[in-house]
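Letter by letter, the chains look like this.
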Amino acid sequence: MTIRTLALLSLILALPPSLAAAAEPANQTAETDVWPEHALPDGDAARQGRSALPFTQGQIETLGRLLRQTQRASARGAGAPPQGRIRRIRLDAPGDGQIPVIALRRGYTTVLSFTGMTGAPWPIAETVLDSRFLPPGQEAAPEAASAGHLLYLAPQQAYLDGNAVVALAGLAEPLVLALRGTGGAADFRVDIRLAMPGPNADPALLAQPEGFHAGDPVLLGLLGGAVPPDAERLAIEGGGHEGRAWRQGGNLLLVTRAYLLSPGPWAAERGPGGRWAYRLPDTPQALVSARGREIRLSFRSMETTTQLQDIDDER
């Protein structure tokens, strides 16, 4: 605000108390306007207002458009928005020589998730990294950037490269990650799974039948919302069950929070949030355990379900 504008505001707002008292009659009401007796003439007020605010309405609108154009140009100068991606990395052990590369972008937050072979979260004991990779306000307290099995990264500079050392609870060797600042694609979420049981692993899940295997990339993708293009979506019926199912070749893929009882799965993956992804033989029914009771699920193709619904409607 200019000195001239301040002077105008002072002139308008600072009426001397003695002048106000002299101008107010004894029976003055709140609605009566006594200001015209002491105000500037309209011509003088207009000249001073024009001097303080020397723009027409059209000029102000033009300045607004210029400001928006400048802001858009500045945003484009920072580069196009990144192609965000979700990745899953499987490590045999911290000391196996693998150094995962995490792609970062200034202005965007990346979350790293650490889990064991059963999908149970693996708590972070300690993290060491350059504070410039941490979200604003957490530079002085790096431990605040991690919560349980999650680590949050938000680089404060463009094209910032470095590394992070993450010590997981119960492991003698830490994980080493390469952090790369890019101007293109960026990792929004990276799930890092170790091929070994963590401290929160359920012992019952470690005893699997013969032929069972973990680390199924299709099931890991389903937990993240990536459906194989050749998978046919199926409808699930039974017990108000909340889940999703697909048929892929001779397999049935099932994502659910329930525990599969029968048939025995060929492969299974568990997400940190408690959801399961199962690969089992193509079957019309399956038995699961949910909320303390057994539920029998039936699987139908979406086309068959629609046809049956049409028949019911005709009846």
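Everything here concerns the structure above.
Now for a description of the structure that goes with this document. Quick caveat: nothing in here was measured; it's all calculated off a predicted structure.

## Things to note about the overall build of the protein
Looking only at helices and strands, the protein features 7 helices and 17 strands. Of the contacts formed within the protein by residues at least 6 apart in sequence, a portion of 64% connects residues at least 24 apart.

## Overview of the packing of aromatic side chains
Tallying each qualifying case throughout the model produces 3 aromatic pairs. With 5.9 Å between their ring centres and 15° between their planes, Tyr108 and Phe188 make a pair best called stacked. Of the two residues, Tyr108 sits in the loop between β2 (101–104) and β3 (110–115) while Phe188 sits in strand β9 (residues 186–194), which places them 80 residues apart along the sequence. For the pair Trp276 and Tyr278, a centre-to-centre distance of 5.4 Å together with 10° between the ring planes defines the contact as stacked. Just as Trp276 is buried, Tyr278 falls in that class too.

## Describing the side chain of Gln248
Residue placement: Gln248 occurs in strand β11 (residues 243–248). Under the relative-accessibility criterion, Gln248 is labelled buried at 14%.

## Observations concerning the pattern of salt bridges
In the structure shown here, the tally under the stated rule is 10 salt bridges. In this structure, the salt-bridge partner of Arg300 is Glu237, at a minimum N-O distance of 3.3 Å. Taken together, the residues span a long stretch of sequence, with Arg300 in strand β17 (residues 293–301) and Glu237 in strand β10 (residues 232–237) at a distance of 63 residues. Classification of Arg300 by relative accessible area gives partly exposed; the value is 33%. Overlapping salt bridges, with partners in common, bring together Arg85, Arg87 and Asp187 in one network.

## Some points on unusual backbone geometry
Cis geometry marks the peptide bond from Ser262 to Pro263, where omega comes out at -5°. Within the secondary structure layout, Pro263 lies in the loop between β13 (259–262) and β14 (267–270). Despite not being glycine, Tyr159 shows a phi value in the positive range, around 55°. Along the chain, Tyr159 turns up in the loop between β6 (150–153) and β7 (162–168). The class for Tyr159 is exposed, based on a relative accessible area of 61%.

## Overview of the sheet that holds β13
Strand order across the open sheet formed by 8 strands is β13-β16-β17-β10-β11-β12-β15-β14, with antiparallel pairing between neighbours. The strands lining the two open edges of the sheet, one partner per strand, are β13 and β14. When the angles between neighbouring strand axes are averaged without regard to direction, this sheet yields 30°. Inspection of the sheet shows strand β16 (residues 285–290) paired to β17 by 6 bridges, in the antiparallel sense.

## A few points about the environment of Val255
Relative to the elements of secondary structure, Val255 occurs in strand β12 (residues 251–256). On the basis of relative accessibility, which here comes to 3%, the residue Val255 falls in the buried class. Dropping the residues within four chain positions of it, Val255 is found in contact with Leu222, Gly243, Arg244, Trp246, Arg275, Trp276 and Ala277.

## Section: the nonpolar core
With 23 residues, the main nonpolar core has Leu112, Phe114, Val166, Leu168, Leu177, Leu179 and Ile192 as its most contacted residues. Elements that contribute at least two residues to this core include exactly β1 (84–91), β2, β3, β4 (124–129), β6, β7, β8 (175–181) and β9. Once residues lying within four places of it in the same chain are set aside, the contact partners of Ile192 are Ile89, Leu91, Ser113, Phe114, Thr115 and Leu177. Membership of the second largest hydrophobic core comes to 16 residues, among which are Leu234, Leu254, Tyr278 and Leu280.

## Remarks on the side chain of His149
Relative to the elements of secondary structure, His149 occurs in the loop between β5 (146–147) and β6. Once you skip the residues sitting within four places of it in the chain, His149 turns out to touch Leu112, Ser113, Phe114, Pro121, Trp122, Pro123, Ile124 and Pro272.

## Observations concerning a nonpolar patch on the surface
A cluster of nonpolar side chains, namely Phe55, Ile60, Leu63 and Leu66, defines an oily patch on the protein surface of about 390 Å² accessible area. Tracing the sequence through the fold places Phe55 in the loop between α3 (42–52) and α4 (57–77).

The rules we used
- Residues numbered from 1 in each chain as written.
- Predicted model: local features only at pLDDT ≥ 70, side-chain atom pairs only at ≥ 80, totals over all residues.
- Heavy atoms only, no water.
- Helix = DSSP H or I, 4+ residues; strand = E, 2+ residues; numbered from the N terminus.
- Contact = heavy atoms within 4.5 Å.
- Phe/Tyr/Trp six-rings, centres within 6.5 Å; stacked < 30°, edge-to-face > 60°.
- Buried < 20%, exposed > 50% of the residue type's maximum accessible area, 1.4 Å probe, protein only.
- Salt bridge = Lys/Arg side-chain N within 4 Å of Asp/Glu carboxyl O.
- Pairing = 2+ DSSP bridges.
- Axes fitted to C-alpha atoms, helices over the stretch in contact; angles between N-to-C directions.
- Core = buried A, V, L, I, M, F, W, Y, C linked by side-chain atoms within 4.5 Å.
- Patch = residues over 30% accessible without salt bridge, like charges linked within 9 Å, V, L, I, M, F, W, Y side chains within 5 Å.
- Areas by Shrake-Rupley, 256 points an atom, 1.4 Å probe, with all protein chains shown as cover.

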